[in-house]
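This is what each chain is made of:
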Amino acid sequence: MSKKVDIKSIRYQEAIRLKYNNESYSSIARKIKVPVSTIEKWFAFGGLLKEEYEKYRDEQNQIRHENGLEIFKKNVDTASSMIVALMASENDTVKLNASKEIVYRQYGKPKETVEHKGLFESGLNYEQILRKSRDKSPDG
């Protein structure tokens with residue numbers, strides 16, 4: 001009869017938390033007192049904690065993302081003021097970059113334009129190349 005494993009136990013959850021915090025397998029093994037090979041098996045493809053770890057990772061990443069957005073929202077006024085203040089810099093490059101940042105934030109970056117040099121950089125379009133090839137004599 002196989003023993004039921006509770007992956008929600010403190011030991012397994014600690015292993016998951018440590019892995020998420022970039023602890024090495026040997027460090028995790030030492031802290032929860034199991035062999036490194038056991039830790040490796042737990043997190044391997046199809047391992048005991050693989051799916052649970054991925055779920056935990058995704059949840060934690062979502063929380064970090066939401067926290068980051070909150071921090072950005074709380075500091076957008078300060079950041080905007082700093083960009084405006086940089087326009088008063090003595091360095092022309094700093095002034096230009098700050099000015100461009102404000103314009104880009106308001107109106108978006110301009111689309112990159114590509115200079116058309118014609119087919120194979122000949123300056124000619126398809127029609128012109130075809131016409132030219134038809135006008136050439138067979139011997140020449």
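All values reported here derive from a predicted model rather than from experimental measurement.

Participant: Describe helix H2 (residues 25–32), listing the residues and the values that go with them.
Facilitator: For H2, every residue scored as buried is listed here: Ser27, Ile28, Ala29 and Ile32. Taken together, the buried residues of H2 touch helix H1 (10–20) and helix H3 (36–43). Looking one or two places after H2, you find lysine 33, whose phi comes out positive at around 60 degrees.

Participant: Account for the packing of aromatic side chains, naming residues and giving values.
Facilitator: Within this structure, the stated rule accounts for four aromatic pairs. The interplanar angle of 75 degrees and the centroid separation of 4.9 Å between the aromatic rings of tyrosine 12 and tryptophan 42 together place this pair among those described as edge-to-face. On the criterion of sequence distance, the pair formed by tyrosine 12 in helix H1 and tryptophan 42 in helix H3 is long-range, its members being 30 residues apart. When the ring of tyrosine 20 is compared with that of tyrosine 56, the centres are 5.6 Å apart and the planes differ by 90 degrees; the resulting orientation is edge-to-face. With tyrosine 20 in helix H1 and tyrosine 56 in helix H4 (residues 50–86), this pair connects stretches of sequence that are 36 residues apart. Taken individually, tyrosine 20 and tyrosine 56 each receive the classification buried, so the pair is uniform in this respect. Following the ring pairs from residue to residue traces out a cluster consisting of Tyr25, Phe43 and Tyr53.

Parameters and conventions
- Residues numbered from 1 in each chain as written.
- Predicted model: local features only at pLDDT ≥ 70, side-chain atom pairs only at ≥ 80, totals over all residues.
- Heavy atoms only, no water.
- Buried < 20%, exposed > 50% of the residue type's maximum accessible area, 1.4 Å probe, protein only.
- Helix = DSSP H or I, 4+ residues; strand = E, 2+ residues; numbered from the N terminus.
- Contact = heavy atoms within 4.5 Å.
- Phe/Tyr/Trp six-rings, centres within 6.5 Å; stacked < 30°, edge-to-face > 60°.

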